[in-house]
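# Analysis of the macromolecular model
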Amino acid sequence: MNLDFFGPILVLLFLALIGSFFVVRQQSCAVIERLGKFKRVASPGLHWKLPIIDDIVARLSFRINQLGVSVETKTLDNVFVNVVVAVQYKVLPEKVFEACYALQNPEHQIKAFVFDLVRAQVPKLTLDDVFSKKDDIADAVKVELSKPMSEFGYGIIETLVTDINPDQNVKAAMNEINTAQRLRVAATEKGEAEKILKVKQAEAEAEASMLHGKGIAGQRQAIIEGLGQSVEEFVKQLPGTQASHVMDMVLLIQYIDTLKEIGSSSKSNVIFVPHSPGNVADLASQIRESIFAAQKINNEDNQKEN
């Protein structure tokens, strides 16, 4: 009779005793309350609590968590942007009590702080500065967020501005501006290249013309010297012969040789003007006048120099 009465009670007590043992995993802790009042924090390992009287009210992890917060705000140049901030945080081991009892929802609290801080920083900057100074924005958020969250038992490890999204129309306008700038630079470079080519081409043509002129001048000088020597030799061989007669004969010989060369080629398209032998004297007269005029100019230049 007594066994029937105490048997179920003993079984219940045994089960309650076995159920009072619990395990806390690594990088975490358990908050124990006794009759609704905070009693202690259980560290990783095997623990025991009083049946019915003690209760595990929370299990907190010391691992780093990440919370993404998307904030829509306006820049200094009146452009609406969506700034995404990643907040890395964790429970501070020395402030487990505050982390468990100070905040009802820590993520909502972090979001509220991030919204306030980002909307205080971004309106001070233009859109271009928001992109170039995103690290400064993240640092400012971290500094301002660390102090209040530390009082609540949470440590802010890092804050990162992971994305900045302006309106699609603003993106399209920025791309068009960038494209126009690149096209302008390309056109400038192309113009400079064409300018260099034209300058070099002009310099080459000028140098070629100069060399061509020197060649013609040298050729004419050689012809004059050759004719002069031929006339001197002819006069020596035939005393009393005038130089003008010798020049006429030389020109006539050259005239005949030229006609022979033209006639020997069936594909020649050269016309020698004047083309009659009677005009050789006129050619000789013109050549002599040109030579005498050149000699006169040279003599005058020599006198001026002396």
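To be clear, the structure that these remarks concern was listed above.
Treat the numbers as computed from the prediction; the structure is a model and nothing was measured.

The rules behind the values
Position numbers for residues start from 1 in each chain and track the written sequence from start to end. Predicted model: local features are reported for residues with pLDDT of at least 70 only, side-chain atom pairs are reported and counted for 80 or more only, and whole-chain, interface and lining totals are derived from all residues. For the side-chain quantities, the full set of heavy atoms in the structure was used; hydrogens and water were omitted. Note on pairing: two strands pair once DSSP finds at least 2 bridges between them. Runs of E in the DSSP output that reach at least two residues are strands. Runs of H or I that reach at least four are helices, and both are numbered from the N terminus. Burial classification: accessible surface area is computed with a 1.4 Å probe over protein chains only, and a residue below 20% of its type maximum counts as buried, one above 50% as exposed, and the rest as partly exposed. For this analysis, a polar contact is any N or O atom pair within 3.5 Å, provided that within protein one partner can donate a hydrogen and the other can accept it, and provided that sequence-adjacent residues contribute only side-chain to side-chain pairs. Note on geometry: axes are lines fitted to C-alpha atoms, helical ones only across the stretch in contact, with angles between N-to-C directions running from 0 to 180 degrees. The contact criterion used throughout is that any non-hydrogen atoms of two residues lie within 4.5 Å. When describing relative orientation, an angle under 35 degrees is termed roughly parallel and one over 145 degrees roughly antiparallel, while 65 to 115 degrees is termed roughly perpendicular and anything else oblique. Left-handed is the label given to a crossing in which the near helix is rotated counterclockwise from the far helix by less than a right angle, and right-handed is the label when the rotation is clockwise. Under the grouping applied here, Gly and all other residues not named as nonpolar or charged are polar, the nonpolar ones being Ala, Val, Leu, Ile, Met, Phe, Trp, Tyr, Cys and Pro and the charged ones Asp, Glu, Lys and Arg. In this scheme, a helix's expected span is set at 1.5 Å multiplied by one less than its residue total. What is called the bend at a residue is the angle between a pair of axes, fitted to the seven residues leading up to and ending at it and to the seven starting from it.

The pairing of strand S2 (residues 28–34) with strand S3 (residues 37–42) spans 5 bridges and is classified as antiparallel. Of the residues in S3, the one forming a bridge with Ile 32 is Arg 40. Taking the residues between adjacent antiparallel strands as the criterion, S2 and S3 are bridged by 2 residues, where Leu 35 takes a positive phi near 55°.

Let us now look at the environment of Asn 165. Note on placement: Asn 165 falls in strand S8 (residues 154–166). Using a relative accessible area of 26% as the deciding quantity, one classes Asn 165 as partly exposed. Once the C-alpha coordinates of Asn 165 and Glu 72 are considered, the two residues, 93 residues apart in sequence, prove to be 9.2 Å apart. Side-chain polar atoms of Asn 165 contact the side chain of Asp 163, separated by 2.9 Å.

The next point concerns the sheet that holds strand S7 (residues 80–91). By way of backbone hydrogen bonds, the strands of a sheet pair with one another, either parallel or antiparallel. An order of S6-S7-S8 is seen for the 3 strands of this open sheet, with the pairing classed as antiparallel. Looking along the sheet, the strands with just one partner apiece sit at the ends: strand S6 (65–74) and S8. Adjacent strand axes in the sheet meet at a mean angle of 20° when their direction is disregarded. As judged from the 10 bridges shared by S6 and S7, these two strands associate in the antiparallel manner. Residue pairing in the sheet places Asn 65 in a bridge with Tyr 89 of S7. The sheet contacts of helix H3 (residues 106–121) involve S6, S7 and S8, and relative to S6 the element is tilted by about 35°. Against the sheet, helix H5 (residues 134–151) contacts S7 and S8, and its axis sits at roughly 145° relative to S8.

Where H3 contacts H5, the two axes come as close as 10 Å, and the packing angle between them is 140°. Between H3 and H5, the angle is such that the two are oblique. Considering only the axes of H3 and H5, their crossing is right-handed. Contacts between H3 and H5 involve Pro 106, Gln 109, Ile 110, Phe 113, Val 114, Leu 117, Val 118 and Gln 121 from the first element and Ala 140, Val 141, Glu 144, Leu 145, Pro 148 and Met 149 from the second. When its residues are assigned to classes, the contact of H3 with H5 shows 11 nonpolar, 2 polar and 1 charged.

Right, let's talk about the pairing of S2 for a bit. Judged by how many residues are buried, S2 sits mostly within the fold: 6 of 7 residues are covered. In this sheet, strand S5 (residues 54–61) lies alongside S2 in antiparallel orientation, the contact comprising 7 bridges. Counterpart to Arg 34 in the pairing with S5 is Asp 54.

With that settled, consider unusual backbone geometry. The phi angle at Gln 27 is positive, at roughly 60°, despite the residue not being glycine. The backbone of Asn 78 sits at a positive phi, close to 60°, despite the residue not being glycine. Following the sequence through the fold, Asn 78 ends up in the loop between S6 and S7. Residue Asn 78 is classed as exposed on the basis of its relative accessible area, which comes to 55%.

If you check H5, its first and last C-alpha atoms are 27 Å apart, about what 18 residues at 1.5 Å a residue would give, namely 26 Å. Along H5, the largest kink reaches about 30° and is centred on Leu 145; proline Pro 148 follows within four residues of it. Buried residues of H5: Ile 137, Ala 138, Ala 140, Val 141, Leu 145, Pro 148 and Met 149, and no others. After H5 finishes, the residue Gly 153 shows a positive phi value of roughly 95°.

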